[in-house]
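Per-entry structural report
Each chain is listed here by its residues.
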Amino acid sequence: MSFWPHLLLALLEGTVTAFVLALTALGLSLVFGVMRIVNVAHGEFFMLGAVLAWFCANLVGTPVAGFLFAMIAAPLVVGALALAADRLILRRIDYHPEGTIVATIGLLYIIQQAVLTLYGPDARPVAPPVYFTLSFPWFGYSGYKLVVAAMSAILLAATWWLLARTTLGLYMRAAQQDLEMAQAFGVPARRVYAMVFALGAMLAAVAGVLVVPIQQAHYLMGLDPLLLSFIVVIIGGLGSLKGTLVAAFVVGISDGVVSVFFSPTLAKIVATLLVAAVLVIRPGGLFGEERA
Amino acid sequence: MAAMAAVAPLLETEALCKRFGGLAAVNEVDLHVAPGEIRAIIGPNGAGKTTLVGMICGRLAPTSGRVLYRGREITAMRPWERLMQGIVYTFQVTSIFKGLSCYENVALPAQRGLMRGFATRLALGEQLVADRVHAALDAVGLAGAAAQRADALAYGHQRLLELAMALAAEPQLLILDEPTQGLAEGEIAQLCELVRAISRRATVLVIEHNMPVVLALAERVTVMDSGRIIAEGTPAEIERHPDVQKAYLGR
Amino acid sequence: MSGRATSRVLIVHLAVIALLFLAQFALPAYHHTNVARIMVLAGYALGYNILLGYTGLMSLGHAMFFAAGMYGAGLPVYYLGLGAAGALAAGIAAGVLLAAVFGLIALRTSGVSFLIVSLMFAQAFYLASLYFNEITLGDQGFILSGHLAPLEFGGASLGFHEPAVKYNAALLLFAASLLLSLGLRVSPIGRVLIAIRENEERTRLFGYDSFRYKLLSLVLSGGLAAAAGASYALLFSYVGSTFASILFSIYPLLWTLLGGIGTLLGPLVGTGLMFYLVDVASGMTSAYLLVVGVVLVVLVLWFPQGILGTVRAKWLPWLP
């Protein structure tokens, strides 16, 4: 294949990556923006979504039914787990920044090793709910991947609607702007925090469900999305949702291009060094407000 | 007056400005402080007093203008270098090392003057430091508190601790930002005594809201409002000044 | 600290070193090597403690310094036949250099940003070690035992495979790291680092360039970590990229927290305890890292001061 078709393939791959990454990173960004904490276990929520999707696929007959069941069940289960973690751990330490980091690292290992115990060390495939190929003159492209992109876009829009048009969203935005002020106006801070944390986890879980027919479900698959989400959130700006979305596309597409033309490992090296560079030059990220 | 004009000022600012976005917190301020003075800076809240001294001690970089100390321009000098020149600042909201003992709090500034060169950064005769620490704690009346944790002290005593720390830093220009805030009557009197004693060795710049303290302590008063100096003179002159009364009453 | 207090502190720490020396004659073979490993890894934790415990900067990237030491020592031995002393020096130099470069770039950030930058740098280092696997042999790694010449010391030839050599070399490294940390702790520089941790702006306004002090702290921290990495390669003969992974950056945080941040002997206690906890757990299940997770959560919720931190707060306030 010559250059241009390669580039087209790279752009397609990059776009799909970008959409899924946007969904995953949005969860992390919301949690940081509203609660001012970093959830290091975020990637494990993604992994749980994928693993639960595998369980759903095995319980139910057809791939389509399995997929739909997973899209509903996985976020609910993961959301419940997140609520529990918030109640039992994060609230107890009053969302102290460094304490939360250490606690969520602990949570990462607890979730990861629990999955290892219950699901095993193998990577297992999940059949996509729909299977069709888009035929380009130079290559065939998996139709499901484009479905993933489309569904991610819908979910991103739904999240935007939640934030911009509902009371809960209003509370979240108020808490992000100025928590004390919001509380003075009657916003129930603790409950909002719990909801935000659950929402962040659910977004990651849904991304995992969407992605699992493309990758496979494996107990270690949470690390890469975590690191990529960090990269996106930092470059886009800690606390800026618009920045997260823009950065997801920048990172996703460049990751796609570098991976196809060079190697995935090199793509990751470049991305990690890029985020370090951004943080150093513009500590607030490209769009974010300056925060320590 | 003539005598004072003949002595070169210790501290000068020339057209000093600090803008935050569209707001000029400090607007073209020309300040001249003579050596050995006790100068009070007063003004309503938001007048720019803390911002002004922030640019003098190095916490903030000015938007434009110059700061001169002993005739040398120090506008670009970093905060730690200014300390070595003798410019010492105590915060409006007490800023100490809460989790450390009072001894350790005062030891940090005390040791700075002894750290000259590589060897003294690695190891210092602890007795040298201890002498300085105890002298500073004695001067503010906290002699017995050396072993106590700083956050175990009452608020007023924490303010005194910060003053002891400032003394241990061997100030030539001591900048006190609302030192009497949160102090009881007796403590205020004690503080005034202390400031008078300090001014025998150092120049003192005090931001204050407490007018009796200003009248008792200050030799000259600078009045600020909305980022500018609106009046300067002796405490008695300032008390009678119509613009000053307007600035305070107009709030 | 007064003269009397310093002597008391010094005695306690020298006693610990002496006890470790004597222990080698009482320990059965299995534990003998374990304790040697623990001492080297405790050096890594001591390095980490200088940055977190004294200076208040949390890093999630220290594995890159450990690995810089490991590769800095291991690669010359493997490919060039360099001797142990030279390899150790090369490893430490690699770590110090990396820490200096990293610090100059990353210390412009603080708090969460610094944490993430350190994580990113370390991850880039790890990925690079995999990317260049013709040289580093990546995950699989390589063994030094055919390549490392025994140490010629006073006429005797000390092979690194001998348990006594391993143990005493590890003890020597640990003792050096411990005494260096102690010296730093009681020095004027140590006082500044702690002040920076407690209130950086106040420290700057009392005459200290906090950036320079943080950089020094990072370089010392990275140097000690690299010394541990280099020693690990030389004494236990294996060099591989797992030591550059994120888990290996989390370990010193875990060990230091468990033992007590900001205490001198805490890292040793934490490393030893966790080593055995993981050892026992891995005999029971392949999901032994669960222990890591549980300990971290328990520490954060109920024992943030760690073991020696709690001991110090309750009974021994003079313990550094």
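Each remark here, short or long, concerns the structure printed above.
Residues numbered from 1 in each chain as written. Chains lettered and ligands numbered in written order. Predicted model: local features only at pLDDT ≥ 70, side-chain atom pairs only at ≥ 80, totals over all residues.

1. As for the overall build of chain B
Stated precisely, the cut-off is as follows: The numbering of helices and of strands both runs from the N terminus, where a helix is a DSSP run of H or I of at least 4 residues and a strand a run of E of at least 2. With C-beta atoms placed from the backbone, the exposure class of a residue follows from how many other C-beta atoms lie within 10 Å of its own: 20 or more, buried; 12 or fewer, exposed; in between, partly exposed. C-beta atoms are placed from the backbone for every residue, and two residues are taken to be in contact when these atoms lie within 7 Å.
Check the secondary structure of chain B and you find 11 helices and 10 strands. For chain B, the spread of C-alpha atoms along the three principal axes comes to 55 × 40 × 40 Å. Out of the 251 residues belonging to chain B, those deemed buried represent 43%. Taking the intrachain contacts of chain B between residues at least 6 apart in sequence as the baseline, contacts between residues at least 24 apart amount to 66%.

2. Some thoughts on the interface of chain B and chain C
Our working rule: We call Asp, Glu, Lys and Arg charged. Ala, Val, Leu, Ile, Met, Phe, Trp, Tyr, Cys and Pro are nonpolar, and the rest, Gly among them, are polar.
Across the contact, 25 residues belong to chain B and 18 residues belong to chain C. Elements with a contribution of two residues or more to the side of chain B that touches chain C: helix 3 (79–85), helix 4 (102–112) and helix 5 (118–122) of chain B. The greatest single-element share of the side of chain B that touches chain C, amounting to 5 residues, is contributed by helix 4 of chain B. Residues belonging to the side of chain B that touches chain C are distributed by class as follows: 17 nonpolar, 3 polar and 5 charged.

3. A look at the arrangement of the chains
Where the 2 pairs of chains in contact are concerned, the greatest contact count is recorded for chains A and C. A minimum C-alpha distance of 15 Å separates chain A and chain B, which share no contact.

4. Things to note about the sheet that holds strand 1 (residues 11–20) of chain B
Residues and elements named next belong to chain B. Here is the rule: Only when DSSP finds a minimum of two bridges between them are two strands counted as paired.
Here 4 strands make up an open sheet; going across it, the order is 2-1-4-5 and the pairing antiparallel. Of all strands in the sheet, those with a lone pairing partner are strand 2 (23–33) and strand 5 (72–73), marking the two edges. Relative to strand 2, strand 1 runs antiparallel, the two sharing 7 bridges. Paired with L16 across the bridge in strand 2 is V29.

5. Topic: the packing of helix 2 (residues 42–59) of chain A against helix 4 (residues 97–119) of chain A
Residues and elements named next belong to chain A. The criterion, for reference: Fitting a line to C-alpha atoms yields each axis, with helices limited to the stretch in contact; the angle taken between N-to-C directions then spans 0 to 180 degrees. Between 65 and 115 degrees an angle is taken as roughly perpendicular, under 35 as roughly parallel, over 145 as roughly antiparallel, and anywhere else as oblique. Should the near helix be turned counterclockwise from the far one by less than a right angle, the crossing is left-handed, whereas a clockwise turn marks it as right-handed.
Packing of helix 2 against helix 4 brings their axes to within 10 Å, and their N-to-C directions diverge by 20°. As far as their axial angle goes, helix 4 and helix 2 are roughly parallel. As for how helix 2 packs across helix 4, the hand of that crossing is left-handed. Residues E44, M47, L48 and V51 of helix 2 pack against L108, I111, Q112, V115 and Y119 of helix 4. For the contact of helix 2 with helix 4, the class distribution of residues is 7 nonpolar, 1 polar and 1 charged.

6. What about helix 2 (residues 29–54) of chain C?
Residue and element names in this part refer to chain C. Which entries qualify depends on this criterion: Under the convention used throughout, the expected extent of a helix is 1.5 Å for every residue step, that is, one less than its residue count.
Taking 1.5 Å of rise per residue, 26 residues should cover 38 Å, and helix 2 covers 36 Å from first to last C-alpha, within 8% of that figure. Of all 26 residues making up helix 2, 19 are buried, and the element is well covered by its neighbours. With its phi angle positive at about 80°, G56 sits one or two positions after the end of helix 2.

7. What about the environment of T117(A)?
Residues and elements named next belong to chain A. Mapped onto the fold, T117 is located in helix 4. You can call T117 partly exposed: it has 14 C-beta atoms within 10 Å. Each C-alpha atom of the pair T117 and Y219 lies 9.6 Å from the other, and the pair is 102 residues apart in sequence.

8. Comments concerning the interface of chain C and chain A
The partner chain A presents 34 residues to the 33 residues of chain C that form the contact. When contributions to the side of chain C that touches chain A are tallied by element, the ones reaching two or more residues are helix 4 (84–106), helix 5 (111–131), helix 11 (246–259) and helix 13 (290–302) of chain C. Ranked by residue count, the leading element in the side of chain C that touches chain A is helix 5 of chain C, at 14 residues. The residue makeup of the side of chain C that touches chain A, split by class, is 25 nonpolar, 7 polar and 1 charged.

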